[in-house]
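Per-entry structural report
If you want the building blocks of each chain, they are given just below.
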Amino acid sequence: MSLNIEQIYKDCDALLEGHFILSSGNHSAKYLQSAKVLEDPKRAERLCKELAKLIKQSGLQIDTVCAPALGGVIAGYELARALGARSIFVERKDGLMSLRRGFEVSEGENILICEDIITTGGSAMEAAAVIERNGARVVAFAALANRGFCAKVGDNATAKPECKLPADKPLFALKNFEFEIYNLNDCPLCKEGLAAIKPGSR
Ligand code: ZN
């Protein structure tokens, strides 16, 4: 891999180090603020070109990249550009993910679901369900960062039980960011007396 992904995340404060309260309520010494890595369009382009390279190497033909809004939209758009594919997104309406704004998919269309970060893959699977309900085919998943619950192409690791992505479809990602997660009662940072902060929306 020609890019040092971890360094890129650190350089733009997308990879934070400290003492964090996760949305699950658990604590961690590291936190990914994924949107930060995409605030520079040139950096977004560079990262998505690298991700596109992995997808092209696999030989998969992608017609359309679909991202779950809001988190996946920028990565999905840049990835579509790098792949020469169409870019669409699905979004929540009344809590349910759906295709809106005139976006359509057709039978036989090969669709890749793209996120900025894959944790357990819940939103990605909701997006995939929308695509399949509308008659197209989801052939792969992609994300810039993988939190290590799901197994990306090129890893020998198998997915953890928390992973919701199907085992028979590839997940392309630039890097695994696997952080240690501490139970509130068992957090070494709390024991050191360090104040924990709750970062903004992931
Ligand atoms: Zn703690």
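This write-up is about the structure you can find in this document. Per-chain numbering applies: the sequence of each chain, read as written, is numbered from 1 onward. Under the rules for a predicted model, residues below a pLDDT of 70 receive no local features and side-chain atom pairs below 80 are neither given nor counted, while totals for whole chains, interfaces and linings still include all residues. Side-chain measures were taken over the full set of non-hydrogen atoms in the model, leaving aside hydrogen atoms and water.

Notes on the side chain of H27
Spelled out, the test is: Runs of H or I in DSSP of at least four residues are treated as helices and runs of E of at least two as strands, each being numbered from the N terminus. Relative accessibility under 20% of the residue-type maximum defines a buried residue, over 50% an exposed one, and the middle range a partly exposed one, all with a 1.4 Å probe and only protein chains included. Pairing of N or O atoms within 3.5 Å defines a polar contact, subject to two protein rules: one partner must be a possible hydrogen donor and the other a possible acceptor, and residues neighboring in sequence count only if both atoms are side-chain atoms. It only takes one pair of heavy atoms within 4.5 Å for two residues to be counted as in contact.
Its place among the elements puts H27 in strand β2 (residues 27–32). Given a relative accessible area of 5%, H27 falls into the buried group. There is a polar contact of 3.1 Å between the side chain of H27 and the side chain of H19. Not counting chain neighbours up to four residues away, the residues in contact with H27 comprise H19, F20, I21, E180, I181, Y182, L184, C187, C190 and A196.

Things to note about the packing of aromatic side chains
Worth spelling out the cut-off: Put simply, two rings from Phe, Tyr or Trp (the six-membered ring, in Trp's case) pair if the centres are within 6.5 Å, and we call them stacked under 30 degrees between planes, edge-to-face over 60, tilted for the rest.
Applying the stated rule across the entire model yields four aromatic pairs. Considering the side-chain rings of Y9 and F177, the 4.9 Å spacing of their centres and the 50 degrees angle between planes classify their relative orientation as tilted. Separated by 168 residues along the polypeptide, Y9 in helix α1 (residues 5–11) and F177 in the loop between β8 (171–176) and β9 (181–182) bring together distant segments of the chain. A residue is classified by how much of its surface remains accessible, and Y9, at 0% relative accessible area, is buried. Relative accessible area serves as the criterion here: at 2%, F177 is assigned to the buried category. Measuring from centroid to centroid gives 5.7 Å for F20 and Y31, while their planes differ by 40 degrees, and the two rings are tilted. You can see F20 sitting in strand β1 (residues 15–21) and its partner Y31 sitting in strand β2, a full eleven residues away along the chain.

Re the state of the cysteines
To keep it simple, the criterion reads: Count a disulfide wherever a pair of cysteine sulfur atoms falls within 2.5 Å.
Counted according to the given criterion, the structure contains one disulfide. Each disulfide pairs two cysteine sulfurs, and for C150 the partner residue is C163, the sulfurs being separated by 2.3 Å. Its S-S torsion of about 105 degrees marks the bond between C150 and C163 as right-handed, since a negative value means left-handed. With a gap of 13 residues between them, C150 in the loop between β7 (137–146) and β8 and C163 in the loop between β7 and β8 connect regions that are remote in the sequence. Taking the relative accessible area as the measure of exposure, C150 reaches 4% and is therefore buried. For C163, a relative accessible area of 15% puts it in the buried group. The closest cysteine sulfur to the non-disulfide-bonded C48 is located on C114, 6.3 Å from its own sulfur.

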